[in-house]
Amino acid sequence: RYPGIVSADHIEVYCPDPIDMLSAWAFLTLTKDVKRRLRQSAIDEASRPHRYCVPQTHHCCKCGLKASLVHIPGDMKHWPFVASLLNFHSPPWKVPPASGLEDAQTRKFWLSGQRFEHARQFMIQDAGAMARHLDSQVCFDDGPRQCCSL
């Protein structure tokens, strides 16, 4: 289940709890002081009942309220549940559109393939640097083969 999407006709404002907020940091080797600050920050943020405030207006969304609008970013439009969600909300077409609503209309315009490859190269470099720093091994797929760094 995708956070905030309860069913095809019920989408709500999702506010992550402390466990959701800390899950990305779970495997980092940090000092106790940094871990304590991360944990406290996650608890403080998760305890707020209102989130996603509009600057200078004090208008905020209340966690758990039904949402009227949802943004489905980039390639998530290709996830199987998204096609079902979009089909549920599509009008009863007499003649359906040639391309589905799940197709990213601006994919080529925003150079997503080049951005993905650029991000991949940085990730590979950073993984190698991290492995050297931790005196460990890191592996990643490089096309048809797997590449490992010691």
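A quick note: this is a predicted structure, and the numbers were derived from the prediction, not measured. (Residues numbered from 1 in each chain as written. Predicted model: local features only at pLDDT ≥ 70, side-chain atom pairs only at ≥ 80, totals over all residues. Heavy atoms only, no water.)

Q: Any chance you could break down the overall build of the protein for me, citing the residues and the numbers?
A: On a plain count of helices and strands, the protein comes out with four helices and six strands. Taken from N to C terminus, the helices and strands of the protein fall in the order β-β-α-α-β-β-α-α-β-β. Expressed as a percentage of its 150 residues, the buried residues of the protein come to 14%. Counting only contacts in the protein whose residues sit at least 6 apart along the sequence, the fraction spanning at least 24 positions is 42%. Here the protein has roughly 12200 Å² of accessible surface; of this, 61% comes from carbon and sulfur atoms. (Helix = DSSP H or I, 4+ residues; strand = E, 2+ residues; numbered from the N terminus. Buried < 20%, exposed > 50% of the residue type's maximum accessible area, 1.4 Å probe, protein only. Contact = heavy atoms within 4.5 Å. Areas by Shrake-Rupley, 256 points an atom, 1.4 Å probe, with all protein chains shown as cover.)

Q: So, the state of the cysteines: which residues are in play, and what are the values?
A: Joining two cysteines, a disulfide is a covalent bond between their sulfur atoms. For the structure shown, the criterion picks out two disulfides. Across the disulfide from cysteine 15 sits cysteine 63; the S-S distance is 2.0 Å. Between cysteine 15 and cysteine 63, the S-S torsion sits near -90 degrees, and that sign places the bridge as left-handed. Here cysteine 15 is found in the loop between strand S2 (10-11) and helix H1 (18-22), whereas its partner cysteine 63 is found in the loop between strand S4 (59-62) and helix H3 (80-89), with 48 residues between them in sequence. (Disulfide = S-S within 2.5 Å.)

Q: Explain unusual backbone geometry to me, and be specific about the residues and the numbers.
A: Notably, tyrosine 52 is not glycine yet its phi reads approximately 55 degrees, a positive angle. Secondary-structure assignment places tyrosine 52 in strand S3 (residues 50-54). A residue is classified by how much of its surface remains accessible, and tyrosine 52, at 48% relative accessible area, is partly exposed. Look at glutamine 56: it is not a glycine, yet its phi comes out positive at around 65 degrees. Within the secondary structure, glutamine 56 sits in the loop between S3 and S4.

Q: Run through the nonpolar core, naming residues and quoting values.
A: Core analysis: the largest hydrophobic core is formed by six residues, namely Ile5, Ile11, Ile72, Met76, Val82 and Leu85. In this view, methionine 76 contacts Tyr2, Phe81 and Val82; residues no more than four positions away in its chain are not counted. (Core = buried A, V, L, I, M, F, W, Y, C linked by side-chain atoms within 4.5 Å.)

Purely geometric numbers; function is a separate question.
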